[in-house]
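The lines below spell out each chain.
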Amino acid sequence: MPDAADILRLESIKVHFPIQGGLFDRVLNRPAGAVRAVDGIDLNVRRGEIVALVGESGSGKTTVGRVITKLAQPTGGRLLFEGRDMTSVQGTSALRPYRHRVQMIFQDAYQALNPRHTVFDIVAEPLRSLRLVKNGTQLAERVSEALAAAGLNPPGDFVSRFPHELSGGQRQRVVIAGALAVRPELIVADEPVSMLDVSIRAQILQVLIDLRDKYNMALLFITHDLPLAWLIADRIAVLYLGRLVEIGSADEITFNPRHPYTIALRNATPQIGGNPCRAELPALQGEVPSAARVPKGCRFHPRCPLAFDRCRQEEPPTVEVGSRHMSACWLNER
Ligand code: SF4
C-alpha cells in the first residue's frame, strides 16, 4: 500500500544484465541468459526514516543503491520519488533537481575523495556542479555548515587539508559532509563504516542518526552486518540473490526473524544476546550463488536446511507474518 509519507518507492525493480553468449549463440541469435542482479524488489522509505538493506556480498544491495541514485538503470519496474516516476528520467540537466535531493555515500572514503583536492573543494564540488550557491560567501557558509554537521569541528581546521592528512574516520566524515552540503532529503549510504575501526564506527553512526533527527532526512543504510543495521535502523529489509526475503521493524527482524535466511544471519552474530532462534538452525554455509544461475523455486533452497519439495519447485510469495512484518517462505503457511 502506498504511504503518503513515502519519499521513495521501488515497485518491482529489476536489473538484469545480458550475458554475452558464445559463437553459436550469436550465429543463432539465441539469448545466452542474464545476470539477475536485482529481480523484482518492492521497497518504500518514509521521510525521516532509516531503512537498512541487509545482505551478503552478491545479494544485489549495492545495485539497488545505484538504481536509487540513478547510477544504474533498471530493466524493469518503477522508481518513484515523492510520487513522481523517475524511472526513465535521464541526462545531466533533467536529473539535476533529483541529484540535489538524493545523495550517495560510498564505502571507500579514500577512493571517493580526490587526493589533489582540499577538503573545501571536495565539499564545495556538488554545490558548484548543481549550481546551488550564488557567490563565494554562500559557498564558504554552506561548506562550513556541512563540515560542522558531519562532526568536523571547527571547520576552519579542516578546509585546507588534503585527504592524506586525515584519519579514516575524518575522511568518511568529509564524504558525509559532501553529501550533506546540498541538503538532501534522502541519503543512500553503501557500507559507510565497514572500512573503519570499531571505535570510529559508532561515531559515524551517531552522526547519521543526528542528521536524521535534525533534518528529518531519510536514509537507506546498506550493510552486510545485521547488528549494525539493528543499531541504526527503524526497519530492516533482508535481501537474498536479488529478492527481498523479509522486511519489518529492526527489533522484529533481529529478535523475531521468520525467514530461515534471516535466522541464519542472526545466528552468525554472537554479539546480539538472547537469541531465541540459535538452536533451530545451523550457521549459514557457503556463499550466495551467482545471479546468473538463480535456482528454481525458493532461491535460498540450496543453502536452507529446512527446504522441502515445494521449495525446489515454486517461489514462495511474500506474506504478512506480523505487524508490518513480511516474509517469503513456504513455512509461513504451516
Ligand atoms: Fe527454506 Fe523452503 Fe523457506 Fe525457502 S521456502 S527459506 S527453502 S523453508
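Scroll up for the structure.
Notes on the structure in this doc start here.

Criteria and cut-off values
Residues numbered from 1 in each chain as written. Predicted model: local features only at pLDDT ≥ 70, side-chain atom pairs only at ≥ 80, totals over all residues. Heavy atoms only, no water. Helix = DSSP H or I, 4+ residues; strand = E, 2+ residues; numbered from the N terminus. Buried < 20%, exposed > 50% of the residue type's maximum accessible area, 1.4 Å probe, protein only. Contact = heavy atoms within 4.5 Å. Areas by Shrake-Rupley, 256 points an atom, 1.4 Å probe, with all protein chains shown as cover. Lys, Arg positive; Asp, Glu negative; His and termini not counted. Charge placed at Lys NZ, Arg CZ, Asp CG, Glu CD. Patch = residues over 30% accessible without salt bridge, like charges linked within 9 Å, V, L, I, M, F, W, Y side chains within 5 Å. Salt bridge = Lys/Arg side-chain N within 4 Å of Asp/Glu carboxyl O. Pairing = 2+ DSSP bridges. Right-handed = clockwise from strand over helix to strand, strands pointing away. Phe/Tyr/Trp six-rings, centres within 6.5 Å; stacked < 30°, edge-to-face > 60°. Lys NZ or Arg CZ within 6 Å of the ring centre and 35° of its normal. Axes fitted to C-alpha atoms, helices over the stretch in contact; angles between N-to-C directions. Parallel < 35°, antiparallel > 145°, perpendicular 65-115°, else oblique. Left-handed = near helix turned anticlockwise from the far one by under 90°.

In terms of regular secondary structure, the protein is built from 12 helices and 12 strands. Expressed along its principal axes, the backbone C-alpha trace of the protein runs to roughly 65 × 60 × 40 Å. The burial tally for the protein puts 51% of its 334 residues in the buried class. Summarising the internal contacts of the protein: among those between residues at least 6 apart in sequence, 63% fall at separations of at least 24. Only carbon and sulfur atoms are counted for the fraction: they give 51% of the accessible area of the protein, which is about 15800 Å². Of the side-chain charges in the protein, 40 are positive and 35 negative, and the distance between the mean point of each set is 5 Å.

What follows concerns a nonpolar patch on the surface. On the surface, a cluster of nonpolar side chains totalling about 370 Å² of accessible area is made up of F24, V27 and L28. One can find V27 in helix α1 (residues 23-27).

A large share of strand β8 (residues 218-223) lies buried, amounting to six of its six residues. Neither face of β8 is left uncovered, since the one carrying A218, L220 and I222 and the one carrying L219, F221 and T223 both have all their residues buried. Bridging between strand β3 (residues 50-54) and β8 involves five bridges; their strand directions are parallel. If you follow I50 over to β8, its bridge partner there is L219. Strand direction decides the pairing type here: strand β7 (residues 186-190) and β8, joined by five bridges, are parallel. Looking across to β8, one finds that L186 is bridged to A218. Read as a crossover between parallel neighbours, the route from β7 over helix α8 (residues 198-215) to β8 is right-handed.

Quick look at the environment of P257 now. Relative to the assigned elements, P257 resides in the loop between α10 (250-255) and α11 (260-267). With relative accessibility at 5%, the residue P257 sits in the buried group. Sequence-wise, P257 and N135 are 122 residues apart; in three dimensions their C-alpha atoms are separated by 52 Å.

Right, let's get into the packing of aromatic side chains. Following the criterion strictly, the structure yields five aromatic pairs and no others. Taken together, a centroid distance of 5.2 Å and an interplanar angle of 65° make the contact between Y261 and F300 edge-to-face. Highlighted residues: Y261 in helix α11 and F300 in the loop between α11 and α12 (309-313), separated in sequence by 39 residues. Note on Y261: relative accessible area 0%, which makes it buried. The exposure class assigned to F300 is buried, which follows from its relative accessible area of 2%. Above the face of the W330 ring, R310 is positioned so that its terminal group lies 3.6 Å from the ring centre.

A separate point is the packing of helix α5 (residues 119-129) against helix α7 (residues 168-180). Where α5 meets α7, the axes come as close as 7 Å, and the angle between the chain directions of the two elements is 30°. It follows from the interaxial angle that α5 and α7 lie roughly parallel. For the pair α5 and α7, the sense of crossing is right-handed. The segment α5 lies against α7, with V119, I122, V123 and P126 engaging V174, A177 and G178.

In this section: the sheet that holds strand β10 (residues 243-249). Taking strand neighbours across the sheet as the criterion, the eight strands line up as β6-β7-β8-β3-β9-β10-β12-β11 in an open arrangement whose pairing is mixed. Only two strands of the sheet have a single neighbouring strand rather than two, namely β6 (102-105) and β11 (319-322). Geometrically, the sheet is characterised by an average inter-axis angle of 25° between neighbouring strands, direction not taken into account. Inspection of the sheet shows β6 paired to β7 by four bridges, in the parallel sense. The partner of I105 across the bridge, within β7, is A189.

Function cannot be inferred from these measures alone, as they are strictly geometric.
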